[in-house]
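The chain contents come next:
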Amino acid sequence: MEKIREQFSSLQIARRSRLLEDPTYLLDIDVSRGGGSHSAAASHSNNSIGVYDIETLNLLREYSSHPGLLSGVRFAHEHADLLFSACSDGTVKCWDTRLATSEAAQLFRGYPSNVFISFDVNCNDLIVCAGTEKAEEEDVFMAFWDARGGNSSVPSSKSLLGVYSESHSDDITRICFHPRRPNMVASGSTDGLVNVFDINRDNEDDALTSTCNSGSSVSFVGWSGKDFWQVYCTTHDEGFSWWDLTQLDTEEPVVLLQIPDAREAASLGKMELNYLIGGLYHEKSDHLFVLGGTSMGNLHLLDCDTDGLSPVGTLRGGHSAPVRSFHWNAADDSLLTGGEDAQLLLWKLGAVEKASGKKASMKMSSSVHQRVRVHQNPLKSKKK
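This write-up is about the structure you can find in this document. (Residues numbered from 1 in each chain as written. Predicted model: local features only at pLDDT ≥ 70, side-chain atom pairs only at ≥ 80, totals over all residues. Heavy atoms only, no water.)

Description of the side chain of Asn-183
Part 1 of the argument: Counting through the fold element by element, Asn-183 comes out in the loop between strand E14 (172-177) and strand E15 (184-189).
Part 2 of the argument: With a relative accessible area of 17%, Asn-183 lands in the buried category.
Part 3 of the argument: Looking at Asn-183, its side chain comes within polar contact range of the side chain of Asp-198, at 2.8 Å. (Helix = DSSP H or I, 4+ residues; strand = E, 2+ residues; numbered from the N terminus. Buried < 20%, exposed > 50% of the residue type's maximum accessible area, 1.4 Å probe, protein only. Polar contact = N/O pair within 3.5 Å; in protein donor to acceptor, adjacent residues only side chain to side chain.)

A short note on a negative patch on the surface
Part 1 of the argument: Side chains of Glu-136, Glu-137, Glu-138, Asp-139, Glu-166, Asp-202, Asp-205 and Asp-206 sit close together on the surface and give a patch of like negative charge.
Part 2 of the argument: Checked against the element boundaries, Asp-202 lands in the loop between strand E16 (193-198) and helix H2 (204-207). (Patch = residues over 30% accessible without salt bridge, like charges linked within 9 Å, V, L, I, M, F, W, Y side chains within 5 Å. Areas by Shrake-Rupley, 256 points an atom, 1.4 Å probe, with all protein chains shown as cover. Salt bridge = Lys/Arg side-chain N within 4 Å of Asp/Glu carboxyl O. Lys, Arg positive; Asp, Glu negative; His and termini not counted. Charge placed at Lys NZ, Arg CZ, Asp CG, Glu CD.)

A look at the sheet that holds strand E28 (residues 344-349)
What holds strands together in a sheet is hydrogen bonding between their backbones, with the strands either parallel or antiparallel.
Part 1 of the argument: Across the sheet, which stays open at both edges, the four strands sit in the order E1-E28-E27-E26 with antiparallel pairing between neighbours. Of all the strands in the sheet, the pair left with one neighbour each is strand E1 (11-16) and strand E26 (323-329). Going from strand to strand, the sheet's axes swing by 25 degrees on average, the running direction of each strand aside.
Part 2 of the argument: Bridging between strand E27 (residues 334-339) and E28 involves four bridges; their strand directions are antiparallel. Paired with Leu-336 across the two strands is Leu-346, which belongs to E28.
Part 3 of the argument: Along the sheet, helix H1 (residues 2-9) makes contact with E1, E26 and E28, crossing E1 at roughly 40 degrees. (Pairing = 2+ DSSP bridges. Axes fitted to C-alpha atoms, helices over the stretch in contact; angles between N-to-C directions. Contact = heavy atoms within 4.5 Å.)

Let's talk about the pattern of salt bridges
Part 1 of the argument: Under the counting rule described, the total for this entry stands at twelve salt bridges.
Part 2 of the argument: Between Glu-2 and Arg-5 there is a salt bridge, with its nearest N and O atoms 3.8 Å apart. Of this pair, Glu-2 and Arg-5 are both found in helix H1, three residues apart, which corresponds to roughly one turn of the helix.
Part 3 of the argument: Residue classification places Arg-5 among the partly exposed residues on the basis of a relative accessible area of 29%.
Part 4 of the argument: As a salt-bridge pair, Arg-324 and Glu-340 come within 2.8 Å of each other at their nearest N and O atoms. Of this pair, Arg-324 sits in strand E26 while Glu-340 is found in the loop between E27 and E28, placing the two residues 16 residues apart along the sequence.

What to know about the pairing of E26
Part 1 of the argument: Most of E26 is tucked away: five of the seven residues are buried.
Part 2 of the argument: Both E26 and E27 contribute to a ladder of six bridges, which runs antiparallel. Residue pairing for E27: Phe-326 is matched across the bridge by Thr-337.
Part 3 of the argument: From the end of E26 to the start of E27, which pair antiparallel, there are four residues, and Asp-333 there has a positive phi angle of about 55 degrees.

Digging into unusual backbone geometry
Part 1 of the argument: A positive phi angle is found at Asp-286, which is not glycine, with a value near 55 degrees.
Part 2 of the argument: Note that Asp-286 resides in the loop between strand E22 (275-282) and strand E23 (287-293).
Part 3 of the argument: In this model, Ala-342 sits at a positive phi of 65 degrees, which is unusual for a non-glycine residue.
Part 4 of the argument: As for its position among the elements, Ala-342 is in the loop between E27 and E28.

Observations concerning the packing of aromatic side chains
Part 1 of the argument: All told, the structure shown has nine aromatic pairs when counted by the stated rule.
Part 2 of the argument: Ring centres 4.3 Å apart and planes at 20 degrees place the aromatic pair Tyr-63 and Trp-95 in the stacked group. One end of the pair, Tyr-63, is in strand E5 (residues 59-63); the other, Trp-95, is in strand E8 (residues 91-96), and 32 residues separate them in sequence. A single burial state applies to Tyr-63 and to Trp-95, both of which are buried.
Part 3 of the argument: Here the aromatic rings of Phe-116 and Trp-145 are separated by 5.6 Å at their centres, their planes lie at 85 degrees, and the arrangement is edge-to-face. With Phe-116 in strand E10 (residues 116-121) and Trp-145 in strand E12 (residues 142-146), this pair connects stretches of sequence that are 29 residues apart. In this pair, the class of Phe-116 matches that of Trp-145, namely buried.
Part 4 of the argument: Aromatic rings pair up to connect Phe-108, Phe-116 and Trp-145 into one cluster.
Part 5 of the argument: Positioned above the aromatic ring of Phe-119, the side-chain terminus of Arg-74 is 5.9 Å from the ring centre.
Part 6 of the argument: Over the face of the ring belonging to Tyr-275 we find Arg-324, whose NZ or CZ atom lies 5.1 Å from the ring centre. (Phe/Tyr/Trp six-rings, centres within 6.5 Å; stacked < 30°, edge-to-face > 60°. Lys NZ or Arg CZ within 6 Å of the ring centre and 35° of its normal.)

This is the structure:
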């Protein structure tokens, strides 16, 4: 832990992206995988996607043909040049970042009424899953496609492999496949539930292997622990929950930690914490960490154990507004962050900044309301 504390405190800004002509929030980011990885992608609040050189943070390509709000970006795991995005218009698109074209390489459609607000691609790039917003009295769906299917023309809804529609009762705000098992996927919802499915099973009832109740609207879901058999989530009111799925059939407690409001956690002392961004599992140290921040852009790394959250270190002087997304590179312990100041920042150990842009203060209404509706409804949990 002391080594990680030293590493985090040694992170310095290596690069800043240049401000776009029309500065927009950076809502979600991802980095291409594999030995030759060289790209990062960010979804912008103006419904465009930027592809950046990971070392210089220069903008390489921009995709702006989205008629609705974006719900994230994901690079394929085995094909570093394929980038997926989901949109509120009921489509998931796959872009080939090597091609100088504004047309998607693949397009997957859901049902006409679907509004996708979350998605992910499984670890062998065979399955795409997207979660929908609740539309009035209709069900919410987890829609599945064969990621190898589709083409540049518009496919029909028959391209769907199938849907799950009975396990959540409200907006599905997060889809997260298991890092190593392509058949396992976790979903989080504003109904407060985090569900885990084995999609190799014949039907939804059999596929649902566990249901965990966070007690609040879920904003982020991740996997952690040995062989990644733990799941955790953050909530829209800054709560944090953590479960051990290996304890399901034992007498040991499944709940490892549940904090209704991390901002008021006693173990944080007087440290200012305004929001949680998400979590990361540091496999080398077998530690789960949570990243949070302040309204002025400071970043806090928090250690997570069964006793609670405790401060590890703070990064200052980077962002000037809330940070909404990050990507931790375990290979070189670098950190990529994107925020409401329209900045993409690359942090490296002991780096000296070679600025390609200027630090800016963006004073616009919060982007959170563009991504998820605020819910005051009572929780409708089916299982505990």
